[in-house]
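Residues per chain, in single letters:
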Amino acid sequence: HDAATVRAEAALALGRAGGRDHASLLLELVGDEDRSVRQMALLALGLTGSSGASPVLQSCVTDRGCEDAERACAALALGLQGDDRAVPALVAVLHQTRVSREVMAAVLCALGLIRTDDAAIELIRVVEREDVGGELRAVAVVALGRQQLASEVTRLIGLLEDREVHVRRSAA
């Protein structure tokens with residue numbers, strides 16, 4: 001279709017339909033000329049659950065040449081897929097320098113959706129880092145809470161006394 005809005009909405013509808021069969025169509029839309037179409041196609045790939053889309057999503061999230069919004073959408077899509085094989089790519093982004101808050105927050109949310117020990121360990125590392133701002137630490141706290149690990153209840157309770165108000169609120 002000529003209208004980008006229609007293509008973007010169609011991409012999201014395909015993702016919501018959840019069929020792995022739609023992944024090939026969505027992969028084509030990841031290369032669309034319009035950024036909103038690309039973003040919706042990336043998110044939709046996560047909704048399909050297609051493991052075949054994971055390499056494209058991982059490539060996008062780690063590629064500094066991709067726009068921040070696209071990297072964030074790719075990260076969230078990886079989280080929606082819940083595939084623990086995406087954790088190394090997401091962690092790689094955490095170790096990149098000069099990553100936007102948008103991308104960093106999306107990566108943290110994605111790690112919260114992937115319920116593995118490796119993802120939880122990385123979230124804990126972010127929560128404990130003094131050089132990370134309170135807002136991103138708060139996102140990591142929420143993501144860690146989504147992991148629903150009984151072993152982390154004491155840590156989360158301890159964060160109620162954190163120096164950063166955002167962290168305290170997220171731990172509550």
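Residues numbered from 1 in each chain as written. Predicted model: local features only at pLDDT ≥ 70, side-chain atom pairs only at ≥ 80, totals over all residues. Heavy atoms only, no water.

K.L.:
Can you walk me through the state of the cysteines in this structure?
P.N.:
Throughout this description, disulfide means a covalent bond between two cysteine sulfur atoms. One pass over the structure, following the stated rule, counts zero disulfides. Left unpaired, Cys73 is separated from the closest cysteine sulfur, that of Cys60, by 8.4 Å. Here Cys73 falls in the buried class, since its relative accessible area comes to 10%. (Disulfide = S-S within 2.5 Å. Buried < 20%, exposed > 50% of the residue type's maximum accessible area, 1.4 Å probe, protein only.)

K.L.:
Just checking my understanding: could you explain the nonpolar core for this structure?
P.N.:
The nonpolar side chains of a soluble globular protein tend to be buried, and buried together. With 56 residues, the main nonpolar core has Leu57, Val61, Leu90, Val107, Leu108 and Leu111 as its most contacted residues. If you tally residues by element for this core, the top one is helix H7 (residues 101-113), at seven residues. Setting aside residues up to four positions removed in sequence, Leu111 forms contacts with Val87, Leu90, Leu94, Ala119, Glu122, Leu123 and Gln147. (Core = buried A, V, L, I, M, F, W, Y, C linked by side-chain atoms within 4.5 Å. Helix = DSSP H or I, 4+ residues; strand = E, 2+ residues; numbered from the N terminus. Contact = heavy atoms within 4.5 Å.)

K.L.:
Would you mind showing me how to read helix H6 (residues 87-94) here?
P.N.:
The periodicity of an α-helix, 3.6 residues per turn, causes residues three or four places apart in sequence to face the same way. When you tally the buried positions in H6, you get six out of eight residues, the bulk of the element. Among all positions in H6, only Val87, Ala89, Leu90, Val91, Val93 and Leu94 are buried. Buried positions along H6 lie against helix H4 (54-62), helix H5 (68-81), H7 and helix H8 (117-128).

K.L.:
Got a minute to help me understand the environment of Val56 in this structure?
P.N.:
If you trace the backbone, Val56 turns up in helix H4. In contact with Val56, other than residues within four places in its own chain, are Leu27 and Val30.

K.L.:
Got a minute to help me understand unusual backbone geometry in this structure?
P.N.:
Negative phi characterises most residues that are not glycine, and trans characterises most peptide bonds. If you check the backbone angles, Arg98 has positive phi at about 55 degrees while not being a glycine. Inspection of the secondary structure puts Arg98 in the loop between H6 and H7.

K.L.:
For this particular structure, what's the right way to read the environment of Ile114?
P.N.:
Summarising the element assignment, Ile114 is placed in the loop between H7 and H8. The sequence separation of Ile114 and Val91 amounts to 23 residues, and the corresponding C-alpha distance is 12 Å. Aside from chain neighbours lying at most four places away, what touches Ile114 is Leu78, Gly79, Gly82, Asp83, Asp84, Ala86, Val87, Leu90, Ala119 and Gln147.

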